[in-house]
Structure formats: structure tokens, C-alpha cells
Amino acid sequence: MSTLAPLRLLREPWNASEANQSNATVGAGGGWCQGLDIPNELFLALGLVSLVENLLVVAAILKNRNLHSPTYYFICCLAVSDMLVSISNLAEMLFMLLLEHGVLVVRPSVVRHMDNVIDVLICSSVVSSLSFLGVIAVDRYITIFYALRYHSIMTLQRAVVTMASVWLASTVASTVLITYYRSNTILLCLIGFFLFMLVLMLVLYIHMFALARHHLHSISSQQKPPSTHRGGSLKGAVTLTILLGVFFICWGPFFFHLILIVTCPTNPFCTCFFSYFNLFLILIICNSVIDPLIYAFRSQELRRTLREVVMCSW
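Treat the numbers as computed from the prediction; the structure is a model and nothing was measured.

With that out of the way, let us pick up the overall build of the protein chain. Counting secondary structure elements, the protein chain contains twelve helices and zero strands. Ordered by position from N to C terminus, the α and β elements of the protein chain give α-α-α-α-α-α-α-α-α-α-α-α. A burial count over the protein chain gives 47% of its 314 residues as buried. As presented, the protein chain carries roughly 15800 Å² of accessible surface, and 68% of it is formed by carbon and sulfur atoms.

Now the structure itself:
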């Protein structure tokens, strides 16, 4: 049984046709198509670590008034999105253990309902994580290119509206996705959204780094010390670029999986790729584990507040 309530749209393409999977094993390389047998304990451990880390990030942002700004509110929402993955993982693991040991006896309809709820949580995490990474990139872009007008452009009211819109859109989109999970059109929309956000963030970061490079070149030619604002902006751009890279590495196989489901669901090589689905799930959880570490080590203010939170100095 797969772990992390792995969206039926990912689970069924190869389970629906055991003959195709068998042909993939024989015709596409033998042993390497057997997939990976990842213990449930690893999923559980990573889920717990991710949950604790992201809770600390949220607590630190709520505790420190210096972090009560649109940028950190967006980061807080991203941490909540990562927590959804952990909560979904832990909820399913607990539900499975209770069922397997006979502690919990429920009707099949209830099991299907629980599966739907967990799937919606995971889909919401995917869509909201992508959305908030894009929002954070736009926020950083405004900080760099419209520094003097930033507080009039990104007001607290607009930030709240943005966050509420993202959560509402994520919930609606995930519900539609689970309801019509057999439709290739729905999968194409999800893939298109992923590619759109990647292109948007890449364009913004390339523009930011082009400006930073030009600024550093001007400094070196004039032999002037770098300004604190530009240095901080460049550091922020580097941080968000790392986040983008980590997200792409961790979620890339997941979306490539979706592409193969649409383009070649019965091809032996594609079904061979499907057999590594548990590895893709591990990468997804690793993304939610790595993100808080990046926040903590690259933001001095957040790092200091995290230390206070851990020491319980409220």
C-alpha cells in the first residue's frame, strides 16, 4: 500500500493494468523497474520532523512583531502549506495503523471519505505551495525594483486579500481535481499551472540577478561599498532561488509523473517510471523538511526568534 494518501490519479494508472506493469518489468530493464520498498517508518519520521519544523517557523513569525510584514506572512503561509503534507501523512499513517490492528472498524464508505479528505489536503498543499512561492517571488521583485513604493504597493490589506484568495483557490482547485481525477483535462490544468509558476519565478529571479550583477559591477567600477538595502535584497533573492531549486527538485518528479500519465499511461517505460512513486513521495516530504531550514539559517531575525521559541522564552 502506498503511503501519504497518494492521490488516486497517481496510483491507478499502473494498478489498473497489471499486465502493462509486468511487461514494463520484462521489457524495460528488469530489476531497476521493481521500484523502491520504502518503510512506512521513514514516511512517519519525516512527517513528524516536517511538522515540528514548520510549527516553529509559524510560531516564530507570530511571536516576533518585527516579522509581522507581508513577506513573512507569505512565508508563514508557505510553512502552513508544508504542514498540510505532514498532517496528511501522519493522519493517513494513524488511520492505516488503527485499521490494520482492528482498533478502528469503519465502513468502506467512511474509508473512501477519509481518502478523499486526505487527497484534498495534499492537492491543496501542492497548489498553495506553488502559489505562495510565486507570491513571495513577486513580493521580493517589488521590494527590489520598487523599494520606495513598496509599502504603498504591498499593503497589509492587499497581503491579506492575496493570502485569502490563494487559500480559497487552492481549496476549490483541489476539490475539483479529486472529483474529476480521471480527466486528462484536469491533469493538464495542474501541469500547466506548475509550468506557469516556474516560468514566472524564473523570469523574476533572472531579472533580479541581472540587476544585482549590474549593481555590483557599478560598485566595483566606482570602488564604492555596497548598500545595505541592495545587499539584503540580493540575499533575499538568493534565498528564494534556493527555495525554488529545492521545490523543483522535490516536486519535479511528481509533475513529470503526471505528464507521463497523460502522454503514455500504458507504455512499458512509463509504467516502469511509475513504480518509483514512493520515491517521489519521499522527495515531496523532504521539500517540507528543507524549507524551514532555509528560513532559519538565512534570516538572522527569524533564526534569533526560533532560538527563543525553542528555549520557551515567550
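Here we come to the pattern of salt bridges. Going through the model one piece at a time under the given rule, you end up with three salt bridges. Glutamate 308 is the salt-bridge partner of lysine 63, the closest N and O atoms lying 4.0 Å from each other. Pair noted here: lysine 63 is in helix α3 (residues 40-63) and glutamate 308 is in helix α12 (residues 300-310), with a separation of 245 residues, a long-range link. The exposure class assigned to lysine 63 is partly exposed, which follows from its relative accessible area of 23%. Between arginine 304 and glutamate 308 there is a salt bridge; the shortest N-O distance is 2.7 Å.

Glancing now at the state of the cysteines. As used here, a disulfide is simply a covalent bond connecting the sulfur atoms of two cysteines. A full pass over the atoms with the stated rule returns one disulfide. No disulfide involves cysteine 76; its nearest neighbouring cysteine sulfur is the one of cysteine 77, lying 5.8 Å away. Judged by relative accessible area, cysteine 76 falls into the buried class, the value being 11%. You can see cysteine 286 has no disulfide; the closest cysteine sulfur is in cysteine 250, sitting 6.2 Å from it. Using a relative accessible area of 22% as the deciding quantity, one classes cysteine 286 as partly exposed.

On the UniProt side, "transmembrane region" (unreviewed entry) is annotated at positions that read residues 42-62, 74-97, 117-138, 159-179, 185-212, 233-261 and 273-297 here. Along residues 74-97, the helical share is 100% and the strand share 0%, with 35 Å between the first and last C-alpha atoms. As a span, residues 117-138 carries 100% helix and 0% strand, and end to end its C-alpha atoms are 31 Å apart.

Next up on the list: the packing of helix α4 (residues 70-100) against helix α7 (residues 156-179). The geometry of α4 relative to α7 is characterised by a closest axis approach of 10 Å and an angle of 15° between their N-to-C directions. If you check the angle between α4 and α7, you find them roughly parallel. Once α4 is placed against α7, the crossing between them reads as right-handed. Contacts from Pro70, Tyr73, Phe74, Cys77, Val80, Ser81 and Leu84 in α4 reach Leu156, Ala159, Thr162, Met163 and Trp167 in α7. Residue classes in the contact of α4 with α7 are distributed as ten nonpolar, two polar and no charged.

What follows covers the side chain of serine 50. Within the secondary structure, serine 50 sits in helix α3. Its relative accessible area of 0% is what places serine 50 among the buried residues. Ignoring any residue separated from it by four or fewer positions in sequence, one finds serine 50 in contact with Asp82, Ser86, Ser288 and Val289.

If you check α7, its first and last C-alpha atoms are 35 Å apart, about what 24 residues at 1.5 Å a residue would give, namely 34 Å. Where α7 is concerned, the buried positions are Ala159, Met163, Val166, Ser170, Ser174, Leu177 and Ile178.

Our focus in this paragraph is α3. If you check α3, its first and last C-alpha atoms are 34 Å apart, about what 24 residues at 1.5 Å a residue would give, namely 34 Å. Those residues of α3 that fall on the buried side of the exposure criterion are Phe43, Leu46, Gly47, Ser50, Leu51, Glu53, Asn54, Val57, Val58, Ala59, Ala60 and Ile61.

Orientation of helix α5 (residues 108-145) relative to α7, taken along the N-to-C sense of each, is 140°, at an axis distance of 8 Å. What the angle tells us is that α5 and α7 run oblique. Here α5 and α7 pass one another in a crossing that is right-handed. Two secondary-structure elements touch here, α5 through Asn116, Asp119, Val120, Cys123, Ser124, Val127, Ser128, Ser131, Phe132 and Val135 and α7 through Thr162, Met163, Val166, Trp167, Ser170, Thr171, Ser174, Thr175, Leu177 and Ile178.

By size, the foremost hydrophobic cluster in this structure holds 78 residues, and its most contacted members are Ile61, Trp251, Phe255 and Leu258. With residues near it in sequence (within four places) discarded, isoleucine 61 still touches Leu67, His68, Tyr72, Ile75, Cys76 and Leu302.

To continue, consider the packing of aromatic side chains. Counting across every chain of the model gives eight aromatic pairs. On the basis of an interplanar angle of 90° and a centroid distance of 5.1 Å, the ring pair of tryptophan 251 and phenylalanine 254 is categorised as edge-to-face. Linking tryptophan 251 with phenylalanine 254, this pair stays in helix α9 (residues 228-263), spanning three residues, or about one helical turn. For the pair tryptophan 251 and phenylalanine 254, a shared accessibility class is recorded, and that class is buried.

Another point: the environment of valine 160. In this fold, valine 160 is placed in helix α7. Taking the C-alpha atoms as reference points, valine 160 and phenylalanine 74, separated by 86 residues in sequence, lie 9.4 Å from one another.

When pLDDT is averaged along the protein chain, the result is 77; 79% of the residues meet or exceed 70. This model gives residues 14-22 a pLDDT under 50, and the stretch forms seven contacts once residues within four places in sequence are excluded.

Procedures and definitions
- Residues numbered from 1 in each chain as written.
- Predicted model: local features only at pLDDT ≥ 70, side-chain atom pairs only at ≥ 80, totals over all residues.
- Heavy atoms only, no water.
- Helix = DSSP H or I, 4+ residues; strand = E, 2+ residues; numbered from the N terminus.
- Buried < 20%, exposed > 50% of the residue type's maximum accessible area, 1.4 Å probe, protein only.
- Areas by Shrake-Rupley, 256 points an atom, 1.4 Å probe, with all protein chains shown as cover.
- Salt bridge = Lys/Arg side-chain N within 4 Å of Asp/Glu carboxyl O.
- Disulfide = S-S within 2.5 Å.
- UniProt positions renumbered as here; feature names shortened; annotations may be inferred.
- Axes fitted to C-alpha atoms, helices over the stretch in contact; angles between N-to-C directions.
- Parallel < 35°, antiparallel > 145°, perpendicular 65-115°, else oblique.
- Left-handed = near helix turned anticlockwise from the far one by under 90°.
- Contact = heavy atoms within 4.5 Å.
- Nonpolar A, V, L, I, M, F, W, Y, C, P; charged D, E, K, R; others polar.
- Expected span 1.5 Å × (residues − 1).
- Core = buried A, V, L, I, M, F, W, Y, C linked by side-chain atoms within 4.5 Å.
- Phe/Tyr/Trp six-rings, centres within 6.5 Å; stacked < 30°, edge-to-face > 60°.
- pLDDT = per-residue confidence, 0-100.

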